[in-house]
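Coordinate inspection notes
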Amino acid sequence: MTEKKDRLSQMAPGEKGRVSELFAEGSFRRRLQDAGFCPGEEVVCLMRSPLGDPTAFSIRGCVIALRNGDASLVSVEAEYPR
Amino acid sequence: MKDYVAVTLAGVPNVGKSTVFNALTGLRRHTGNWTGKTVDCAVGYFDRGGKHFSVSDIPGAYSLFTHSPEEDEAKRYILEENSDVTVVICDASSVERCLVPFFQIGEATDRVAVFVNLCDEAKKNGISVDLRMLEDRLGVPVVGGSARWGDGIDKLVSVCADIADGKISPSPAKADYGDAENVIARLIETGMSRWEAVRSICDAPENFGYPDAKALRDRVAESTAAACKAAARGTVTREKSDRPSRNEKIDRILTGRLTAFPIMALLLIGIFFLTVKGANYPSEGLWTVFSFVLRHLKSALEAACLPPSLISFLCDGVAGTTGWIVSVMLPPMAIFFPLFTVAEDLGYLPRVAFDLDRCFKGCGGCGKQALCMCMGLGCNAVGVSGCRIIDSKRERLIATVTNSFIPCNGRFPTVLTLCALFFTGSGRSSGLVSAAVLTLAVILSVTVTLLTSLVLSKTVLKGRPSFFTLELPPYRTPNIIETVKRSVLDRTLFVLARAVSVAAPAGAVIWLLSNISIGDTVILSAITDLFDPVGRIMGLDGVILTAFLLSLPANEITLPVMIMAYTASGTLSDQSDVLFIGEVMRQNGWNTLTAVCTLIFTLFHWPCSTTLLTIKKETGSIPVTVFSALLPTAIGAGLCAAVTAISELASQVLHRIF
């Protein structure tokens, strides 16, 4: 079942979703867009660092780690667990 | 007209640009499986089919809207250097994201080709790329292959030559920016390139009738992403599989909550163990050969009736120190470096940054600092220039000034030798114990680095952590034999070159200082006496401090200089065992405390001159460079003094009790 999860940072490892909006500003916004975080793009939460932060996401065929604070600047629509 | 074809290799990070560069030129530029391995540009030359080519290897850039200095460098190269052909290199496993720079470069120049690298790896993972279809979509020649095995390289060269000759005229596909296209067209009419037009609009959208700057910039970024997606759709096919990939399985263990740190420690211990064990025999062998040669050289020179002081100068001073460096320092370095390179090629280093980022974040730094520190284990100068991968200037400075806390390859042998002499002995388990001690030393270094970063970010380099994106590349099987062969050779030549250029002159200087007197005092003892009081406070002595000072050009020579200074009146060469230095040290009043303090000071003192020059080059600031020398020195001196004071206090207390 679809469960509403707002932010990238709230996703648990194994969950899948689609990017809906970016709240980051300036050069970080552009870096996220270049990395593939654009509305509609599929993103999978892969794993957390052993210390809980950052978290690795699979997006557009590659794995990128974001800190939880940064990941909360990306909103997603969670789809279904893998 | 130019008589050569200038080719620039561009692309997102870690798609193998340097590997393509090496395949084209036959050069051996260092490569590694992580984002940010290449931080500077290199130019190589080769001839193919009667044509001269120049190739520029530049750092990876996710986009030409740049973020970090290393990407700036890349942008400058692509947009300003006059290259005849720009090759955009893609990773076959993730073509879509690799195309971002393609669409941007295609706006600046038509002479673009695409090389889809790592096709073999993609194939293994069930991914195939339809090169013909991609070529149609992109409007430029597309060559596929795997640069590691030289696959596709010949074809790439001929395509480049054809583009340069005008036999092929590519017309790169363009991203569609929607209603901004009208403005772009107007600007192009005024003589701008499409790239300049897009850039002007993004820089100041309000001047072109776009009041919502963010919306416009988003449209540009998203249109580029959409163009990449459209180009990749249908050209890349993936076999669907529900099983987690091999990568995910490895990552689950290597970055697992319970397993990550034990594995990191075990890996360090393992690498150090192999280094210690493996270095023993060659060290002894080299020293035996060396002292044999030296003895015969000496008697030959004596037979030639040269003055005894000249013989002593050459044999004990110059040749003695050089032989020392080669036999004691070379083997551990020649073993550690290849092992480290294998871990690097595997793709393990970014995982270290991923595991440790939280600690760095807590200390106001950047997780990528861990990558610079890993490089610092090899060489601090390399670690310092590696700091370019850190985006924020503040975090980059923190990483730069703390890099020399990590003991570089040139300092390992000193640490290892001292461990063997004073803590572990030479019993059967000594290798493992030494490795553990060395690992503890690294952990101590990391701790001090973190604490210093924390203090710095609370004081002189105030600020909050900036954003952080770290790419975790797929694990790649390293070409072990080739890697080991190459880095052993590289290291050996490097150390030998240093031995000749630094150790031999240092040996000469020491010999002269210890054999020339002013009045009744030998110069060397005057100097060491001068430093003695300071040294004593730190649990060292004047000779040790002098040795550290004299080894500013290269940390490798600290121990040899020390021994030379102790034995300056006698001779070195009668000894057949490398470890006779333990005797020398004990005769000169060394005890466990001296060894501990020397170890601490080896870890924390001024960086070598090469590193300092690199810091000067990277930061362009003399105050920062001076600060980077004073900071570790102050910490080392403080730690040594504290350890000495505590141990004296403890021994007095014990004395009272018993």
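The structure we're discussing is the one just above.
Thresholds, definitions, all that
Residues numbered from 1 in each chain as written. Chains lettered and ligands numbered in written order. Predicted model: local features only at pLDDT ≥ 70, side-chain atom pairs only at ≥ 80, totals over all residues. Heavy atoms only, no water. Helix = DSSP H or I, 4+ residues; strand = E, 2+ residues; numbered from the N terminus. Rg over C-alpha atoms; globule rule 2.2 N^0.38 Å. Buried < 20%, exposed > 50% of the residue type's maximum accessible area, 1.4 Å probe, protein only. Contact = heavy atoms within 4.5 Å. Lys, Arg positive; Asp, Glu negative; His and termini not counted. Charge placed at Lys NZ, Arg CZ, Asp CG, Glu CD. Pairing = 2+ DSSP bridges. Axes fitted to C-alpha atoms, helices over the stretch in contact; angles between N-to-C directions. Phe/Tyr/Trp six-rings, centres within 6.5 Å; stacked < 30°, edge-to-face > 60°. Lys NZ or Arg CZ within 6 Å of the ring centre and 35° of its normal. Core = buried A, V, L, I, M, F, W, Y, C linked by side-chain atoms within 4.5 Å. Parallel < 35°, antiparallel > 145°, perpendicular 65-115°, else oblique. Left-handed = near helix turned anticlockwise from the far one by under 90°. Nonpolar A, V, L, I, M, F, W, Y, C, P; charged D, E, K, R; others polar. Salt bridge = Lys/Arg side-chain N within 4 Å of Asp/Glu carboxyl O. 1 Å grid on protein atoms, 1.4 Å probe; cavity = no way out; pocket = protein on both sides within 12 Å on 5 of 7 lines; lining within 4 Å. Points joined across faces, edges and corners; volume = space filled by probe spheres on them.

1. Regarding the overall build of chain A
- Scanning chain A from terminus to terminus reveals two helices and five strands.
- Secondary structure elements in chain A, listed N-terminal to C-terminal, are β-α-β-β-β-α-β.
- On C-alpha atoms alone, chain A measures out to a radius of gyration of 11 Å, which is about the 12 Å that the 2.2 N^0.38 rule sets for 82 residues.
- Across its three principal directions, the C-alpha atoms of chain A cover 35 × 30 × 20 Å.
- The proportion of buried residues among the 82 residues of chain A is 57%.
- For chain A, long-range pairs separated by at least 24 residues make up 59% of all intrachain contacts whose partners lie at least 6 apart in sequence.
- Side-chain charges of chain A comprise 12 positive and 12 negative groups, with the mean position of each set lying 3 Å from the other.

2. Digging into the sheet that holds strand E2 (residues 42-48) of chain B
Residue and element names in this part refer to chain B.
- Strand order in the open sheet formed by six strands is E2-E3-E1-E4-E5-E7, with mixed pairing between adjacent strands. The outermost strands of the open sheet, each flanked by one partner alone, are E2 and strand E7 (142-144). Here the average twist between neighbouring strands, direction ignored, is 25 degrees.
- Bridge count for strand E1 (residues 4-10) against strand E3 (residues 51-57) is six bridges, and the pairing is parallel. The residue of E3 that forms the bridge with Leu-9 is Asp-57.
- Contacts from helix H4 (residues 100-108) reach E1, strand E4 (85-91) and strand E5 (112-117) within the one sheet, and its direction differs from that of E5 by about 165 degrees.

3. What to know about the packing of aromatic side chains
- Applying the stated criterion across every chain yields a total of 13 aromatic pairs over all chains.
- Pairing Phe-601 of chain B with Trp-606 of chain B gives two aromatic rings, centres 5.8 Å apart and planes at 80 degrees, and the pair type is edge-to-face. Trp-606 of chain B matches Phe-601 of chain B in its accessibility class, with the two residues each being buried.
- Taken together through their ring pairs, the aromatic side chains of Phe-272, Phe-336, Phe-340 and Phe-412 of chain B make up a single cluster.
- The ring of Phe-468 of chain B is capped by Arg-67 of chain A, whose NZ or CZ atom sits 4.8 Å from the centre of that ring.
- Positioned over the ring face of Phe-422 of chain B is Arg-586 of chain B, at 4.8 Å from the centre of the ring.

4. Brief notes about the side chain of Asp-357 of chain B
- Note on placement: Asp-357 of chain B falls in helix H14 (residues 349-362).
- Residue Asp-357 of chain B is classed as buried on the basis of its relative accessible area, which comes to 0%.

5. Thoughts on the nonpolar core
- Ranked by size, the top nonpolar core spans 115 residues in total, and within it Leu-470, Met-562, Met-585, Trp-590 and Phe-601 of chain B carry the most contacts.
- In terms of residue count, helix H13 (residues 308-346) of chain B provides more of this core than any other element does, 11 residues in total.

6. With respect to the pairing of E1 of chain B
Residue and element names in this part refer to chain B.
- Where burial is concerned, most of E1 is hidden: six out of the seven residues are buried.
- As paired strands, E1 and E4 are joined by four bridges and run parallel to one another. Its bridge partner being in E4, Ala-10 is matched across the sheet by Val-88.

7. Observations concerning the packing of helix H1 (residues 26-35) of chain A against helix H10 (residues 213-232) of chain B
- Two elements in contact, H1 of chain A and H10 of chain B, have axes separated by 10 Å at closest approach and are oriented at 25 degrees. It follows that H1 of chain A is roughly parallel to H10 of chain B by the angle criterion. For the element pair H1 of chain A and H10 of chain B, the recorded crossing hand is right-handed. Only Lys-214, Asp-218, Val-220, Ala-221 and Glu-222 of chain B of H10 of chain B make contact with H1 of chain A, whose side of the interface consists of Arg-29, Arg-30 and Gln-33 of chain A.
- Among the residues making up the contact of H1 of chain A with H10 of chain B, the classes are represented as two nonpolar, one polar and five charged.

8. Observations concerning the pattern of salt bridges
Residue and element names in this part refer to chain B.
- The full count for this structure, using the stated rule, is 29 salt bridges over all chains.
- Where Arg-48 meets Asp-154, a salt bridge forms, and the shortest distance between an N and an O atom there is 2.7 Å. Here Arg-48 is found in strand E2, whereas its partner Asp-154 is found in helix H7 (residues 153-165), with 106 residues between them in sequence.
- Of the residues examined, Arg-48 reaches a relative accessible area of 28% and is grouped as partly exposed.
- Here Glu-96 ties to Lys-229 by a salt bridge, and the two come within 3.4 Å at their closest N and O atoms. Separated by 133 residues along the polypeptide, Glu-96 in helix H3 (residues 95-98) and Lys-229 in helix H10 bring together distant segments of the chain.
- On the accessibility criterion, Glu-96 (16% relative accessible area) is buried.

9. Here's the deal with the layout of surface pockets
Residues and elements named next belong to chain B.
- By volume, the second largest pocket amounts to about 750 Å³.
- Around the second largest pocket, the lining comprises 29 residues; the ones closest to its centre are His-30, Lys-37, Phe-337, Met-375 and Val-382.
- Elements with a minimum of two residues in the lining of the second largest pocket: H13, helix H15 (369-378), helix H16 (380-386), helix H20 (480-515) and helix H26 (609-619).
- Per-class residue counts for the lining of the second largest pocket are nine nonpolar, 11 polar and nine charged.

10. A few points about helix H1 (residues 17-25) of chain B
All names here are of chain B.
- Burial of H1 is extensive: seven of the nine residues sit out of reach of the surface.
- Looking at the packing, one finds that the buried side of H1 touches E1, E2, E3, E4, E5 and H7.
- In the stretch just after H1, Gly-26 is the one whose phi turns positive, near 75 degrees.

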